[in-house]
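# Residue-level structure breakdown
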Amino acid sequence: METEIVRTEPSDFSVIRNLMLKALKEDPTAFSVTFEEYNFNSDEWWQRYIMPFLNLFDQLMFLAKEGNDTVGMIGALFENKSRKRHISTIVWFYVAKEHRKKGIGKKLIDSIINEIKQKSWIKKIALMVNEPQVSAKSMYEKVGFLNTGILKKELNIDGTFYDVHIMEKELV
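Throughout what follows, the structure given in this document is the object of discussion. (Residues numbered from 1 in each chain as written. Predicted model: local features only at pLDDT ≥ 70, side-chain atom pairs only at ≥ 80, totals over all residues. Heavy atoms only, no water.)

## As for the environment of N156
Defined as follows: Strands are runs of DSSP state E lasting at least 2 residues, helices are runs of H or I lasting at least 4, and numbering of each runs from the N terminus. A 1.4 Å probe rolled over the protein chains alone gives each residue an accessible area, and that area as a share of the maximum for its type sets the label: buried under 20%, exposed over 50%, partly exposed in between. As used in this structure description, the phrase polar contact means that two N or O atoms lie within 3.5 Å; if the pair is within protein, one of them must be able to donate a hydrogen and the other to accept it, and residues adjacent in sequence are counted only when both atoms belong to side chains.
Secondary-structure assignment places N156 in strand β6 (residues 146-157). Judged by its relative accessible area of 48%, N156 is partly exposed. For the pair N156 and S120, spaced 36 residues apart in the sequence, the C-alpha separation amounts to 38 Å. Engagement of the side chain of N156 in a polar contact is seen with the backbone nitrogen of G159, the distance being 3.0 Å.

Structure representation (structure tokens):
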């Protein structure tokens, strides 16, 4: 089945919330927050959290769809402070485990990079990747991200400390 990459719309609210929760539950070492921390948030909290991804100004999100199923997502944050306005940060990058190794992640990252490049004031894209995410780190490197730093023992996940890698891609 062909994978389609689409920008989010207001009607995608529930799909995004459910996919975020699935990502946290399915891949607990990939994110800096836990399923338990997000699962019991109110609908109002979720509205405030997700709406910026839907308004197309402060944040941006793409979904990967196969037919009626949403199988992946990727988001970007845009700084509004003048000294950091040139930076976009990639967040919430996730492909459902049963759909990995099919090129969906590459399509998502390419789509968001291409959209970010349309904003001429953005000069750098940044992201953080947790140490256990070896495949993700490799993919970021393949699309031009460089490892520019390591936050040592940044995350404590079930008593195990993990480093977080800072990766950046300069836009020309």
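## A look at the sheet that holds strand β2 (residues 59-66)
This is how it is decided: Criterion used throughout: strands pair if DSSP finds at least two bridges between them. All axes are obtained by fitting lines to C-alpha atoms, using only the stretch in contact for helices, and the reported angles, taken between N-to-C directions, cover 0 to 180 degrees. Contact between two residues is taken to exist if any of their heavy atoms lie within 4.5 Å; hydrogens are not considered.
Sheet architecture is open: seven strands sit in the order β1-β2-β3-β4-β5-β7-β6, paired in mixed fashion. Across the chains shown, the open sheet's two edge strands, defined by having one partner strand only, are β1 (4-7) and β6. Neighbour to neighbour, the strand axes of the sheet diverge by 25 degrees on average, direction disregarded. Contacting β2, β3 (69-78) and β4 (87-95), helix α3 (residues 43-54) runs over the sheet at an angle of about 85 degrees to β2.

## Quick word on the packing of helix α1 (residues 13-26) against α3
Under the convention used in this document: Should an angle lie under 35 degrees it is considered roughly parallel, over 145 roughly antiparallel, and from 65 to 115 roughly perpendicular; all remaining angles are considered oblique. Under the convention adopted here, Pro, Cys and the residues Ala, Val, Leu, Ile, Met, Phe, Trp and Tyr are nonpolar, Asp, Glu, Lys and Arg are charged, and Gly plus all remaining residues are polar.
Running from amino to carboxyl end, α1 crosses α3 at an angle of 105 degrees, the nearest separation of the two axes being 10 Å. Taken together, the axes of α1 and α3 lie roughly perpendicular to each other. Contacts between α1 and α3 involve F13, I16, R17, M20 and L21 from the former and D43, W46, Q47, Y49, I50, F53 and L54 from the latter. A breakdown of the residues in the contact of α1 with α3 according to their chemical character gives nine nonpolar, one polar and two charged.

## Structural notes on the layout of surface pockets
Threshold: A cavity here means a set of points on a 1 Å grid, drawn over the protein atoms and nothing else, where a 1.4 Å probe fits but cannot get out; a pocket is an open set with protein on both sides within 12 Å along at least five of seven lines, and a residue lines either one if it has an atom within 4 Å of a point. Grid points are joined across faces, edges and corners, and a volume is the space filled by probe spheres set on the points.
Here the largest pocket is characterised by a volume of approximately 1,200 Å³. In terms of lining residues, the largest pocket is bounded by 49 residues, among which F93, M128, V129, A136 and Y140 are the most central. Among the elements of the structure, α3, β4, α4 (104-117), β5 (124-130), α5 (134-142), β6 and β7 (160-170) are those that each provide at least two residues to the lining of the largest pocket. Counting residues per element, the lining of the largest pocket draws most heavily on β4, which supplies eight residues. Considering only residue class, the lining of the largest pocket consists of 28 nonpolar, 10 polar and 11 charged. What the second largest pocket holds in volume is close to 250 Å³. In terms of lining, the second largest pocket is formed by 14 residues, of which the most central are P28, V33, T34, I157 and D158. Secondary structure elements with two or more residues in the lining of the second largest pocket: α1, α2 (35-39) and β6. Within the lining of the second largest pocket, the residues separate by chemical class into seven nonpolar, three polar and four charged.

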